[in-house]
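# Structural overview
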Amino acid sequence: MTVAEMKNKDHLLVRAARGEAIERVPVWAMRQAGRWDPEFHKIRSGLGFYDFSENVELAAKASILPVRFGVDAVILFYDITTLPVSMGLPFSLQPNIGPVPASPVRTLEAVLKLNPYPQPETYSHVTRMLTQVQKTLDKPMPILAFAGAPFTVATYCIGTGKDINATRKFIQEQPIIWHELLERLTSATIGFLKTMIAHGACAYQLFDSWAGMLTEKEYDLWAQPFHRRILAGATGAPRILFVKECPYLHKQVETGADIISLGKRNDLKEARDKYPHLVFQGNVDENILRTGTPAEVKIAVEECLRKGGGTRHILNLNHGVDRTTPVANFETFVKTAHEFKG
Ligand code: 1CP
């Protein structure tokens, strides 16, 4: 066991991920580091997204900001498109759109230029950020790495993003390019996650944000087999699978993930009863944090914790914290998890 593994095994989140009895349910939130937090704007210093996330000092600071609320994990501040950048595809962040490639992958030549085995030096800002976060924290905390799953990342590489019909059209017209892209992203993702674990990431989350919009047949072709391969290829730390509002929980549980992140469409208690060996993450509705009052947030969190039953549960949202979420609601989300008495 490495020193990092020895340190990591005692964290509340890791013990919850192993299904052990825990003193309380750990809490963190997808997109906890970001634009909803006024402190984040203060450190952003007008830098573009990629310049900011490649600045190790600043990105480490952004990752740590949510710790002041009492979250039980730090998620590192980079993006699911950070990996294709290291494979040779530069991106920029377009306001109100999201990450857009400088030159969308449209030809076999373009896909063959993407390195399926990017060397860790090409994303050393991320591993250095991890080390910087470890050094800066004044108490040991689990640090989470993540990657996008090939389907979702491929949609950004071809420039279609969450426009599912545009993605379908591309796949129909360019099946060879599409499959080569998925293959290259799969091997790069396995290498990347292994590197992050070796550097001390204590768990990772695989985000297939847009695969929940697929039909079951499409999901079987473009999503689930790749989840399996990545989760089997990068082991040694708890593995969380997230597919936004996924209609196919029965397919998610067959991937080898240790933890499945549930959507608001899932009933946490039903999922627990049906799959008692698994750990579930979620599933407070992020809309309540965005539009509700702190009192409403408290009620929603308490209901979620009751349904979770106190073990094999990591409290989170159904999706990321929205940029318009009031700070008081995020504060209540975390505080309620700390104070809940069953
Ligand atoms: O300028 C900014 O700050 C832009 C917003 C932003 C942030 C805060 C982007 C651009 N990326 C990030 C960081 C990020 N991205 C993190 C780390 C911070 C944290 O979680 O606290 C993570 C985990 C991601 C993951 C990510 N990026 C996903 C998967 C999660 C999800 O929300 O479903 C996706 C789909 C992206 C793409 C992306 N990157 C950025 C934006 C605005 C988007 C979404 C675009 C869209 O909705 O189509």
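Residues numbered from 1 in each chain as written. Predicted model: local features only at pLDDT ≥ 70, side-chain atom pairs only at ≥ 80, totals over all residues. Heavy atoms only, no water.

## Description of the overall build of the protein chain
Definition in use: What counts as a helix is a DSSP run of H or I of at least four residues, what counts as a strand is a run of E of at least two, and both are numbered from the N terminus. It is over C-alpha atoms that the radius of gyration is taken, and the globule rule equals 2.2 Å times the number of residues to the power 0.38. The buried label goes to any residue with under 20% of its type's maximum accessible area, the exposed label to any with over 50%, and the partly exposed label to all in between, with areas taken from a 1.4 Å probe on protein chains only. It only takes one pair of heavy atoms within 4.5 Å for two residues to be counted as in contact. Exposure was quantified through the Shrake-Rupley algorithm and a 1.4 Å probe, taking into account, for residues, occlusion by the shown protein chains and nothing else. We count Lys and Arg on the positive side and Asp and Glu on the negative side, and we leave His and both chain ends out. Charge coordinates come from a single atom per side chain, which is NZ of Lys, CZ of Arg, CG of Asp or CD of Glu.
What the protein chain contains, in helices and strands, is 18 helices and nine strands. Relative to a compact globule of 342 residues, whose C-alpha radius of gyration would be 20 Å, the protein chain shows 19 Å and is just as compact. Overall, the protein chain is about 60 × 45 × 45 Å in size when its C-alpha atoms are taken along their principal axes. Burial analysis of the protein chain (342 residues in total) assigns 58% to the buried set. Once local pairs closer than 6 in sequence are excluded, the contacts in the protein chain between residues at least 24 apart make up 74%. Entry remark: accessible area of the protein chain is about 14,500 Å², with carbon and sulfur atoms responsible for 53%. Charged side chains of the protein chain number 40 positive and 36 negative; the gap between the two group centres comes to 1 Å.

## Remarks on the packing of aromatic side chains
Aromatic ring pairs are reported here in terms of the distance separating the ring centres and the angle at which the planes meet. This is how the line gets drawn: Between rings of Phe, Tyr and Trp, where Trp is taken as its six-membered ring, a pair exists when centres lie within 6.5 Å; planes separated by under 30 degrees are stacked, by over 60 edge-to-face, and by other angles tilted. To sit over a ring, a charge needs its Lys NZ or Arg CZ within 6 Å of the ring centre and within 35 degrees of the ring normal.
Enumeration according to the criterion identifies 18 aromatic pairs in this entry. Summarising the aromatic geometry, the rings of Phe-146 and Phe-207 are spaced 5.5 Å apart at their centres and angled 85 degrees between planes, so their arrangement reads as edge-to-face. Residue Phe-146 is found in strand β4 (residues 143-148), and its partner Phe-207 is found in strand β5 (residues 203-207); the two are separated by 61 residues along the sequence. For Phe-207, a relative accessible area of 13% translates into the label buried. In this structure, Arg-44 packs its charged tip against the face of Phe-52, placed 5.4 Å from the ring centre.

## Thoughts on the site of the ligand
For the record, the criterion: When we say a residue is near a molecule or strand, we mean one of its heavy atoms is within 4 Å of it. Any pair of nitrogen or oxygen atoms within 3.5 Å is treated as a polar contact; in protein, a donor-acceptor pairing is required on top of that, and neighbouring residues in sequence qualify only through side-chain atoms on both sides.
Taken together, 24 residues surround the ligand, and among them Ala-33, Arg-44, Asp-79, Ser-209 and His-319 come closest. Arg-44 places a polar side-chain atom, nitrogen or oxygen, 2.7 Å from an oxygen atom of the ligand. Contact distances for the ligand include 2.7 Å between a nitrogen atom and a side-chain N or O atom of Asp-79. Contact with the protein chains removes 92% of the 870 Å² of surface that the ligand exposes when unbound. Among the elements of the structure, α3 (38-44) and β3 (98-101) are those that each provide at least two residues to the shell around the ligand.

## Digging into the pattern of salt bridges
Note the threshold: Salt bridge criterion: a side-chain nitrogen from Lys or Arg within 4 Å of a carboxyl oxygen from Asp or Glu.
Inspection of every chain in the model, using the stated rule, returns 18 salt bridges. In this structure, Arg-24 engages Asp-72 in a salt bridge whose closest nitrogen and oxygen atoms are separated by 2.9 Å. Residue Arg-24 is located in the loop between α2 (12-17) and α3, and its partner Asp-72 is located in the loop between α5 (56-64) and β1 (74-75); the two are separated by 48 residues in the primary sequence. The salt bridge partner of Asp-220 is Lys-251, with a shortest N-O separation of 3.1 Å. Of this pair, Asp-220 sits in helix α12 (residues 216-222) while Lys-251 sits in helix α14 (residues 249-252), and the two are 31 residues apart along the sequence. Overlapping salt bridges, with partners in common, bring together Glu-216, Asp-220 and Lys-251 in one network.

## Topic: the packing of helix α11 (residues 175-198) against helix α13 (residues 224-233)
Note the threshold: All axes are obtained by fitting lines to C-alpha atoms, using only the stretch in contact for helices, and the reported angles, taken between N-to-C directions, cover 0 to 180 degrees. Each angle gets one of four labels, with under 35 degrees taken as roughly parallel, over 145 as roughly antiparallel, 65 to 115 as roughly perpendicular, and the rest as oblique. Definitions for this section: a left-handed crossing has its near helix turned counterclockwise from the far helix by less than a right angle. A right-handed crossing has that turn clockwise. Note on residue categories: nonpolar means Ala, Val, Leu, Ile, Met, Phe, Trp, Tyr, Cys or Pro, charged means Asp, Glu, Lys or Arg, and polar means any other residue, Gly included.
α13 packs onto α11 with a crossing angle of 25 degrees between their chain directions and a minimal axis gap of 9 Å. Classified by the angle between their axes, α11 and α13 sit roughly parallel to one another. Classified by chirality, the crossing of α13 by α11 is right-handed. Residues Leu-182, Glu-183, Thr-186, Thr-189, Ile-190, Leu-193 and Lys-194 of α11 form the contact with α13, whose participating residues are Phe-226, Arg-229, Ile-230 and Gly-233. Here the contact of α11 with α13 is composed, by residue class, of five nonpolar, three polar and three charged.

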